[in-house]
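Below, each chain spelled out in residue letters.
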Amino acid sequence: MIGFIIRRLLASIPTLLAVLTLVFLLVRVVPGDPAIAILGDRATPETLAALRAELGLDRWIGAQYFEFLGHALRGDLGTSMVTHRAVWTEISEALPHTIVLTLAAMAIGCLVGIPAGVWAALNRNGAIDVLTRLLSLLGLSFPVFVSGIFLLIVFALQLRLFPVIGNPRPGDWIDGLHKLVLPAITLGIVMAAYVIRVTRSSMLQVLGEDYIRTARAKGVPRRGIIWRHGLSNALIPVVTVVGLYVGILIGNSVLTEIVFNRPGLGKVIVSALTQRDYTMLQGMMVIYCFMIVVVNLITDISYGLIDPRVKQ
């Protein structure tokens, strides 16, 4: 298992280097001049030129790239062009809120999606199966910002069960959980819909295998067949979908944080885009991409834990 993990870690290095290069290039094609965004349209050409020199934007792009790469590999994401604070400092203040929201949405998606998918597979073409597929289709049909606004209108404005403003009070974890419910459900609905469909399809395939029929012939209890022999062999596609969807989940968290006015990376990245803050955008994109690479690595390791044959 250790060798398997080491091979996956080594395979992640070229991916990270490619991601850093892509981030650098993407930020440079964002329309607008950061110097004008910082100083305003009425700044003189001399002032703009001085600021570009101070920020290093007047240098050859290759020199900027290698400096960015060297700092990024050391964990130094630079200083914000607008606030003049360390990028990592600003990100570290917002990152925990986004991580908590993403983990809560993942928990909802898996806890709802896997049992519902298994239940639908066991009642194939029955009323439960049809209802489950219909609900999963509805979950996939609504964008995150639409379902988020709908939940706000119903549960916050009409029923007044949850607050409209999602900024939790510092140190009050009960208030934080209360304000986390609606955003987590908003993200978790779509993930649950994906997980339901994949779990149902995978379970139907597994339940038709010869070893399942053999287990039934030997008198293995139905619960053991379903959960021990069935679900354990059907989890690989489910883990794949969960791993792939985490990237979408992290991206959708930006919209969710804006809809529910929650602190997190969403507000930081929107502010950086508005103000053309190159270094902040670079840092944000590096963090997002790094999280996705880590999730993919955890997904690969999970394959080896679920199915020992993957480690070979």
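## What to know about the overall build of the chain
Each helix and strand counted, the chain has 12 helices and zero strands in total. Taken from N to C terminus, the helices and strands of the chain fall in the order α-α-α-α-α-α-α-α-α-α-α-α. Across its three principal directions, the C-alpha atoms of the chain cover 85 × 55 × 35 Å. Here the chain, with 312 residues, has 40% of them falling under the buried criterion. For the chain, contacts bridging at least 24 residues in sequence account for 74% of all contacts bridging at least 6. Carbon together with sulfur atoms contributes 67% to the accessible area of the chain, which is approximately 16,900 Å² in total. Of the charged side chains in the chain, 26 are positive and 18 negative; the average position of the first set lies 15 Å away from that of the second.

## Considerations on the pattern of salt bridges
Going through the model one piece at a time under the given rule, you end up with four salt bridges. With a closest N to O distance of 2.7 Å, Glu 93 and Arg 85 form a salt bridge. Of the residues examined, Arg 85 reaches a relative accessible area of 34% and is grouped as partly exposed. Between Arg 133 and Asp 129 there is a salt bridge whose closest N-O contact spans 3.5 Å. Of the two residues, Arg 133 and Asp 129 are both situated in helix α6 (residues 127–141); the distance of four residues between them amounts to about one turn of the helix. Residue class for Arg 133 comes out partly exposed when judged on its relative accessible area of 34%. Exposure remark for Asp 129: the relative accessible area of 0% places this residue in the buried category.

## Considerations on the packing of helix α8 (residues 173–207) against helix α10 (residues 222–259)
Each packed pair of helices is defined by two parameters, the angle between the axes and the distance between the axes. Where α8 meets α10, the closest approach of the two axes is 8 Å, and the angle between their N-to-C directions is 150°. Judged on the interaxial angle alone, α10 and α8 are roughly antiparallel. In this structure, α8 crosses over α10, and the sense of that crossing is right-handed. Of the residues assigned to the contact of α8 with α10, the class counts are 18 nonpolar, eight polar and no charged.

## Thoughts on the environment of Leu 152
Here Leu 152 lies in helix α7 (residues 144–158). With 10 residues separating them in the primary sequence, Leu 152 and Phe 162 have C-alpha atoms 8.3 Å apart.

## Considering the confidence of the model for the chain
Per-residue pLDDT for the chain averages 81, and the proportion of residues at 70 or more is 93%. The weakest mean pLDDT in the chain belongs to helix α2 (residues 34–39) at 69; the strongest belongs to helix α5 (residues 87–122) at 89.

## Brief notes about the packing of aromatic side chains
Within the structure shown, the criterion is met by one aromatic pair. Seen from their ring centres, Tyr 65 and Phe 66 are 5.2 Å apart, and the 65° between their planes marks the pair as edge-to-face. By relative accessible area, which is 17% here, Tyr 65 ends up buried.

## Here's the deal with empty space enclosed by the protein
Going through the model one piece at a time under the given rule, you end up with one cavity of 30 Å³ or more. Forming the walls of the largest cavity are 11 residues, and the residues nearest its centre are Pro 163, Lys 179, Leu 182, Pro 183 and Phe 260. Here the lining of the largest cavity is built from residues that sort into eight nonpolar, two polar and one charged.

## Considerations on α8
Across its 35 residues, α8 extends only 43 Å between first and last C-alpha, which sits more than 12% below the 51 Å expected from 1.5 Å per residue. If you look at α8, its biggest bend is around 35°, right at Leu 180, and the proline Pro 183 turns up within four residues after that.

## Topic: the nonpolar core
The biggest cluster of nonpolar side chains holds 28 residues, and the ones touching the most others in it are Phe 68, Ile 91, Leu 265, Met 280, Met 284, Tyr 288 and Met 291. For this core, the elements supplying multiple residues, two or more each, are α1 (2–28), α4 (61–73), α5, α10, α11 (265–275) and α12 (278–306). No other element matches the eight residues that α12 contributes to this core. Once residues within four sequence positions are removed from consideration, Met 284 is found in contact with Ile 91, Leu 265, Val 268 and Ile 269. Ranked by size, the runner-up nonpolar core spans 26 residues in total, among them Val 144, Ala 215, Val 238 and Leu 249.

## As for the side chain of Ser 147
Mapped onto the secondary structure, Ser 147 falls in helix α7. Looking at Ser 147, the relative accessible area reads 11%, which means it is buried. Residues contacting Ser 147, with those up to four places away along its chain left out, are Phe 142 and Thr 186.

## Comments concerning the environment of Met 106
As for its placement among the helices and strands, Met 106 is situated in helix α5. The exposure class assigned to Met 106 is partly exposed, which follows from its relative accessible area of 22%. Considering only alpha carbons, one finds Met 106 and Ile 185, 79 residues apart in sequence, at a separation of 9.7 Å. When sequence neighbours within four positions are dropped, the list of residues in contact with Met 106 reads Met 191, Val 242, Val 246 and Leu 249.

What counts and what doesn't
Residues numbered from 1 in each chain as written. Predicted model: local features only at pLDDT ≥ 70, side-chain atom pairs only at ≥ 80, totals over all residues. Heavy atoms only, no water. Helix = DSSP H or I, 4+ residues; strand = E, 2+ residues; numbered from the N terminus. Buried < 20%, exposed > 50% of the residue type's maximum accessible area, 1.4 Å probe, protein only. Contact = heavy atoms within 4.5 Å. Areas by Shrake-Rupley, 256 points an atom, 1.4 Å probe, with all protein chains shown as cover. Lys, Arg positive; Asp, Glu negative; His and termini not counted. Charge placed at Lys NZ, Arg CZ, Asp CG, Glu CD. Salt bridge = Lys/Arg side-chain N within 4 Å of Asp/Glu carboxyl O. Axes fitted to C-alpha atoms, helices over the stretch in contact; angles between N-to-C directions. Parallel < 35°, antiparallel > 145°, perpendicular 65-115°, else oblique. Left-handed = near helix turned anticlockwise from the far one by under 90°. Nonpolar A, V, L, I, M, F, W, Y, C, P; charged D, E, K, R; others polar. pLDDT = per-residue confidence, 0-100. Phe/Tyr/Trp six-rings, centres within 6.5 Å; stacked < 30°, edge-to-face > 60°. 1 Å grid on protein atoms, 1.4 Å probe; cavity = no way out; pocket = protein on both sides within 12 Å on 5 of 7 lines; lining within 4 Å. Points joined across faces, edges and corners; volume = space filled by probe spheres on them. Expected span 1.5 Å × (residues − 1). Bend = angle between axes of the 7 residues up to and from the residue. Core = buried A, V, L, I, M, F, W, Y, C linked by side-chain atoms within 4.5 Å.

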